[in-house]
Amino acid sequence: QVQLVESGGGLVQAGGSLKLSCAVSRRTFSRYDMGWFRQAPGKEREFVAATRSGGTIYYADFVKGRFIISRGNAENTVYLQMNSLKPEDTAVYSCAARSPKLGDISSSYDYWGQGTQVTVSS
C-alpha cells in the first residue's frame, strides 16, 4: 500500500505563492507517475499537473506559467510551487500516484492523499 501525505496549504492573498508537498511512503517513489489535482466546492475534481516517472511534465492550461511541479526522488516527495495565485485557485489540492502507464496522464491514478486546503483571498 502506498500512502501519500500532503502539506503546505493555507490562506494566501491573491498574487501570493504557496508550495505544496506530497510525501510518499514507498522507496520506489521514483518509479511512479505523480499528479496533483484539485477540487473546489461544488465542482468536480480537475487535473492540475503531473510528472511521469521518466520526468516528462504536464500542466493544465489554467496553471501554465504560474505553477511548477517537481519531484525530489531522494526525499520521496513531489512538490507543487504555486505562484501568482488567484481566488479561483481556491480548492482542496490532492496528490496522486500510479504505476507508469502510457497515454493520458490525467487519469487512472491508483493512490490518493487526503488533500490540503488552499484558500486565496481577493
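Above this text you will find the structure in question.
If you're wondering where the values come from, they're calculated on a predicted model, not measured in any experiment.

*Asks:* Report on the nonpolar core, specifying residues and quantitative values.
*Replies:* Counting 34 residues, the largest nonpolar core has Met34, Trp36, Leu80, Met82 and Tyr93 as the members making the most contacts within it. Counting residues per element, the ones that place at least two in this core are β3 (18-24), β4 (33-39), β5 (46-51), β7 (67-72), β8 (77-82), β9 (91-98) and β11 (116-121). The greatest single-element share of this core, amounting to five residues, is contributed by β9. If we ignore the near neighbours within four places in the chain, the residues touching Met82 are Gly16, Ser17, Leu18, Leu20, Arg66, Phe67, Tyr93 and Val118.

*Asks:* Requested: an account of the environment of Asn76, with residues and values cited.
*Replies:* In this structure, Asn76 sits in the loop between β7 and β8. Between the alpha carbons of Asn76 and Tyr59 there is a distance of 21 Å; along the sequence they are 17 residues apart. Apart from the residues within four sequence positions on either side, Asn76 is in contact with Cys22, Ala23, Val24, Arg26, Arg27 and Phe29.

*Asks:* Explain unusual backbone geometry residue by residue, including any values.
*Replies:* For Ser84, which is not glycine, the phi torsion reads 50° and is therefore positive. In this fold, Ser84 is placed in the loop between β8 and β9. Despite not being glycine, Ser108 has its phi angle at roughly 65°, a positive value. Examined against the element boundaries, Ser108 turns out to sit in the loop between β9 and β10 (111-112).

*Asks:* Outline the side chain of Arg52, supporting the account with residue identities and numerical values.
*Replies:* Its location among the elements puts Arg52 in the loop between β5 and β6 (57-59). Of the side chains with opposite charge, Asp33 lies nearest to the buried Arg52, which makes no salt bridge, at 4.0 Å. Discounting chain neighbours no more than four positions away, the residues touching Arg52 are Tyr32, Asp33, Tyr58, Arg71, Arg98, Lys101, Gly103 and Ile105.

*Asks:* Would you mind going over the state of the cysteines in detail, with residue names and values included?
*Replies:* Applying the stated criterion to the full structure yields one disulfide. In this model, Cys22 is linked to Cys95 through a disulfide, with the two sulfur atoms separated by 1.9 Å. Given an S-S torsion of about 55°, the disulfide between Cys22 and Cys95 has right-handed geometry. A residue pair is termed long-range when its members are at least 10 positions apart, and Cys22 in strand β3 and Cys95 in strand β9 qualify at 73 residues. There is no split in this pair, since Cys22 and Cys95 are both buried.

Calculation criteria
Residues numbered from 1 in each chain as written. Predicted model: local features only at pLDDT ≥ 70, side-chain atom pairs only at ≥ 80, totals over all residues. Heavy atoms only, no water. Core = buried A, V, L, I, M, F, W, Y, C linked by side-chain atoms within 4.5 Å. Buried < 20%, exposed > 50% of the residue type's maximum accessible area, 1.4 Å probe, protein only. Helix = DSSP H or I, 4+ residues; strand = E, 2+ residues; numbered from the N terminus. Contact = heavy atoms within 4.5 Å. Lys, Arg positive; Asp, Glu negative; His and termini not counted. Salt bridge = Lys/Arg side-chain N within 4 Å of Asp/Glu carboxyl O. Disulfide = S-S within 2.5 Å.

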